[in-house]
Amino acid sequence: MKKQIVVIGLGRFGSSVCKELHSLGHEIMAIDTNPDKVDALREYASFTVNADATDGNQLKSLGVRNFEHAIVAIGDDLQASVLCTLMLKELGLPKVWVKARDLQHEKILHKVGADRVIQPEKEMGIRVAHHVDSDKIVDYIDLSHDYSIIELVASGKMANKTLVDMNIRKEFNCIVLAIKKHEEVNIAPAIDDMVAQDDVLIVMGHKDDLKRLEEKSL
Ligand code: ADP
């Protein structure tokens, strides 16, 4: 369903979010204080606005309160990012997601009501580290401090076995959410579905259990 989203701050992060949302068919208002950044995004947004997003009156006159979702991607200007977040929450936007530069910034953003705080460099760094750590892990998503979802390439040891044969649920306390065979994705696989070598298993579980599964499967 088409959503109305306001993206504030059109640096590398904000512009990439804006372009991707545009390609997914959503309606975007893109705001930045820098007119060059605004110009560069013209063809990727329904409205592009050269404005200071810490100015509550400007946000009001732009009708930002009618948007359901805001992404605040003001980089290192902590004061501007916090003020803008506060203003958007006061205007009543249900979803305000904000990019933070560090943990301190993240804590302040939560205090002023940010619904989600993203630290792109930190999150990407963790994912890359897991790819480096194991050739078998092709993607990694943190769900919480303890739980994650990994994409694990099935080894020869896993080939021609069902999920029951591998005992993933009981022995490792992990859940296989899907099995990918090339472009085909089997969501919610049955316990007797057969796994072939190089299939990709999307598995959710405790990080320690996922590590055990990964080591056992090599
Ligand atoms: P990135 O690391 O994602 O490239 P940047 O720090 O380069 O982030 O970009 C942040 C963007 O936010 C810049 O384009 C800057 O002009 C914009 N910006 C900073 N303050 C404001 C503000 N008060 N209102 C709107 N945009 C802002």
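In this text, all values refer to a predicted model and were calculated from it rather than measured experimentally.

**Topic: the overall build of the protein chain**
Phase 1: Counting its regular elements, the protein chain contains nine helices and 13 strands.
Phase 2: The C-alpha radius of gyration of the protein chain comes to 21 Å, more than 25% above the 17 Å expected for a compact globule of 218 residues.
Phase 3: Each of the three principal axes of the protein chain carries a C-alpha extent, and together these read 65 × 35 × 30 Å.
Phase 4: Sorting the 218 residues of the protein chain into buried and exposed places 42% on the buried side.
Phase 5: Here the analysis covers contacts within the protein chain between residues at least 6 apart in sequence; of these, 53% occur between residues at least 24 apart.
Phase 6: Put simply, the protein chain shows about 12200 Å² of open surface, and 52% of that area lies on carbon and sulfur atoms.
Phase 7: Taking the 28 positively charged and 35 negatively charged side chains of the protein chain as two groups, their mean positions are separated by 3 Å.

**Examining the domain arrangement of the protein chain**
Many analyses report the size of an interface as the accessible area lost when the parts associate.
Phase 1: If you check the domain split of the protein chain, you get domain 1 (4-122) and domain 2 (134-217).
Phase 2: One C-alpha centre belongs to domain 1, the other to domain 2; they are set 36 Å apart.

**Considering the sheet that holds strand β6 (residues 116-118)**
Phase 1: Ordered by their spatial adjacency, six strands build an open sheet running β3-β2-β1-β4-β5-β6, and the pairing between neighbours is parallel. Both outer strands of the open sheet, β3 (47-50) and β6, are each paired with one neighbouring strand and no more. Each adjacent strand pair in this sheet contributes to an overall mean axis angle of 15°, direction not counted.
Phase 2: In this structure, strand β1 (residues 4-8) lies alongside strand β2 (residues 27-32), joined through five bridges in parallel fashion.

**A word on the packing of helix α4 (residues 78-90) against helix α5 (residues 103-111)**
Phase 1: Here α4 crosses α5 at 20°, and the two axes come no closer than 9 Å. Comparing the axis directions of α4 and α5 gives the class roughly parallel. As for the relative orientation of α4 and α5, their crossing is right-handed in sense. In this structure, α4 uses L78, S81, V82 and T85 to contact α5, whose residues at the interface are H105, I108 and L109.
Phase 2: Of the residues in the contact of α4 with α5, the class split is four nonpolar, three polar and no charged.

**Examining unusual backbone geometry**
Phase 1: Its identity is not glycine, yet N160 carries a phi of approximately 60°, on the positive side.
Phase 2: Among the structural elements, N160 can be located in the loop between β8 (147-153) and β9 (161-162).
Phase 3: In this structure N160 comes out as exposed when scored by relative accessible area, which is 61%.
Phase 4: Of note in this structure, H182 is not a glycine but carries a positive phi near 50°.
Phase 5: Positionally, H182 belongs in the loop between β10 (175-181) and β11 (184-187).
Phase 6: For H182, a relative accessible area of 79% gives the class exposed.

**What to know about the sheet that holds β8**
Phase 1: Spatially, five strands are ordered β7-β8-β13-β10-β11 in an open sheet, and the strand pairing comes out antiparallel. Of all the strands in the sheet, the pair left with one neighbour each is β7 (137-142) and β11. Averaged over all pairs of adjacent strands, the angle between their axes in this sheet comes to 20°, without regard to strand direction.
Phase 2: Along the sheet, helix α9 (residues 207-217) contacts β7, β8 and β13 (200-206); its crossing angle with β13, the most-contacted strand, is approximately 140°.

**Concerning the nonpolar core**
Phase 1: Counting residues in hydrophobic clusters, the biggest one holds 27 residues, and the most contacted among them are V6, I8, I31, L59, V64, L88 and L93.
Phase 2: Put simply, the parts of the chain that give this core at least two residues each are β1, β2, β4 (69-72), α4 and β5 (95-99).
Phase 3: Top contributing element to this core by residue count: α4, with five residues.
Phase 4: Not counting the four nearest positions on each side in its chain, L59 is found in contact with I31, A53, V64, M87, L88 and L91.

**Concerning α4**
Phase 1: Across its 13 residues, α4 extends 18 Å between first and last C-alpha, which sits within 8% of the 18 Å expected from 1.5 Å per residue.
Phase 2: At the C-terminal side of α4, G92 shows a positive phi close to 95°.

**Some words on the site of the ligand**
Phase 1: Among the 17 residues in the neighbourhood of the ligand, the closest are listed as R12, F13, D32, D52 and K99.
Phase 2: Between the ligand and T33, the relevant distance is 3.4 Å, taken from an oxygen atom to a side-chain nitrogen or oxygen of the residue.
Phase 3: A53 has a polar backbone atom sitting 3.0 Å from a nitrogen atom of the ligand.
Phase 4: Surface burial for the ligand is 81%, taken as the share of its 590 Å² of free accessible area covered by protein chains.
Phase 5: A breakdown of the residues in the shell around the ligand according to their chemical character gives six nonpolar, six polar and five charged.

The rules we used
Residues numbered from 1 in each chain as written. Predicted model: local features only at pLDDT ≥ 70, side-chain atom pairs only at ≥ 80, totals over all residues. Heavy atoms only, no water. Helix = DSSP H or I, 4+ residues; strand = E, 2+ residues; numbered from the N terminus. Rg over C-alpha atoms; globule rule 2.2 N^0.38 Å. Buried < 20%, exposed > 50% of the residue type's maximum accessible area, 1.4 Å probe, protein only. Contact = heavy atoms within 4.5 Å. Areas by Shrake-Rupley, 256 points an atom, 1.4 Å probe, with all protein chains shown as cover. Lys, Arg positive; Asp, Glu negative; His and termini not counted. Charge placed at Lys NZ, Arg CZ, Asp CG, Glu CD. Domains from an automatic or database assignment. Pairing = 2+ DSSP bridges. Axes fitted to C-alpha atoms, helices over the stretch in contact; angles between N-to-C directions. Parallel < 35°, antiparallel > 145°, perpendicular 65-115°, else oblique. Left-handed = near helix turned anticlockwise from the far one by under 90°. Nonpolar A, V, L, I, M, F, W, Y, C, P; charged D, E, K, R; others polar. Core = buried A, V, L, I, M, F, W, Y, C linked by side-chain atoms within 4.5 Å. Expected span 1.5 Å × (residues − 1). Near = heavy atom within 4 Å. Polar contact = N/O pair within 3.5 Å; in protein donor to acceptor, adjacent residues only side chain to side chain.

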